Amino acid sequence: MTIDPGPPVHIRPEASGDEDAVRAVTTVAFAPMPFSDGSEPHVIDRLRADGELTLSLVAEDRHGRIIGHIAFSPVVAGGSTVGWYGLGPVSVDPAHQGTGVGRALIEAGLAEMARRGAAGCALIGDPRLYSRFGFVSGALSHEELPPSLVQHLLLREDAAVPVGELRFASAFDHADQS
Ligand SMILES: CC(C)(COP(=O)(O)OP(=O)(O)OC[C@H]1O[C@@H](n2cnc3c(N)ncnc32)[C@H](O)[C@@H]1OP(=O)(O)O)[C@@H](O)C(=O)NCCC(=O)NCCS
């Protein structure tokens, strides 16, 4: 019998001193992505500076090296101005992708947001990835993007489905990388 030891990864909240490693893993993860403008590490820095990095988790390998990261920040989801959070950016070092690190980060992040009483999370991303975590599209929109990319997940039983435009924190607005 083979016992699956699970992903060799430890998820913990970001701590002071992790900033450079978070920047590095985000940079290297998004660099090959055709949709990326390279702004993701700067978005995280700005969220942190603005006090809007609601939840920041890192994934460490067995040696304590940071190999992944996920950020959550406040969003306006349709008519809902409180209780909704954007998931992302989420990054895994390409050398460790496909081994369950991303799943561990996403599941830990969603569990923590639910524990904190969030109504739900929303994001822009590939539905083939996020539908695995229960995200659905069709209710929210974002600028001219295909509606299928704009997804939400209810985290509380009493939360209403958010309908309308999804708006992110201002840290996401800047196209420049200052
Ligand atoms: C997306 C990312 C965070 C996923 O992390 P990962 O560690 O490679 O993912 P995992 O190995 O935990 O896989 C999680 C699940 O999603 C699936 N998956 C992973 N990447 C996927 C993708 N791009 N599209 C569709 N499904 C994907 C896996 O098959 C797996 O499903 P399963 O558990 O049901 O088999 C990682 O690939 C990454 O950093 N990519 C570059 C940055 C990026 O694109 N971020 C997301 C922007 S929306």
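Residues numbered from 1 in each chain as written. Predicted model: local features only at pLDDT ≥ 70, side-chain atom pairs only at ≥ 80, totals over all residues. Heavy atoms only, no water.

### What about the sheet that holds strand 8 (residues 140–141)?
Right, so step 1: With respect to topology, three strands assemble into an open sheet ordered 4-10-8, the strand pairing being mixed. Two strands lie at the open edges of the sheet, namely strand 4 (76–77) and strand 8, each paired on one side alone.
Right, so step 2: When strand 8 meets strand 10 (residues 164–167), the two strands line up parallel, connected through two bridges. Bridge pairing in strand 10 links serine 141 to glutamate 165. (Pairing = 2+ DSSP bridges. Helix = DSSP H or I, 4+ residues; strand = E, 2+ residues; numbered from the N terminus.)

### Concerning the layout of surface pockets
Right, so step 1: By volume, the largest pocket amounts to about 1500 Å³.
Right, so step 2: The wall of the largest pocket is formed by 47 residues, among which Phe30, Phe35, Pro89, Ile124 and Tyr130 lie closest to the centre.
Right, so step 3: Among the elements of the structure, helix 1 (19–30), helix 2 (40–49), strand 5 (84–92), helix 3 (101–115), strand 6 (120–124), helix 4 (127–130) and strand 10 are those that each provide at least two residues to the lining of the largest pocket. (1 Å grid on protein atoms, 1.4 Å probe; cavity = no way out; pocket = protein on both sides within 12 Å on 5 of 7 lines; lining within 4 Å. Points joined across faces, edges and corners; volume = space filled by probe spheres on them.)

### Some thoughts on the packing of aromatic side chains
Right, so step 1: Evaluation of the coordinates by the stated rule reveals three aromatic pairs.
Right, so step 2: Geometrically, the ring pair formed by phenylalanine 30 and phenylalanine 35 is edge-to-face, given 6.3 Å between the ring centres and 85 degrees between the ring planes.
Right, so step 3: Looking at phenylalanine 30, the relative accessible area reads 12%, which means it is buried.
Right, so step 4: Geometrically, the ring pair formed by tyrosine 130 and phenylalanine 135 is edge-to-face, given 6.0 Å between the ring centres and 75 degrees between the ring planes. (Phe/Tyr/Trp six-rings, centres within 6.5 Å; stacked < 30°, edge-to-face > 60°. Buried < 20%, exposed > 50% of the residue type's maximum accessible area, 1.4 Å probe, protein only.)

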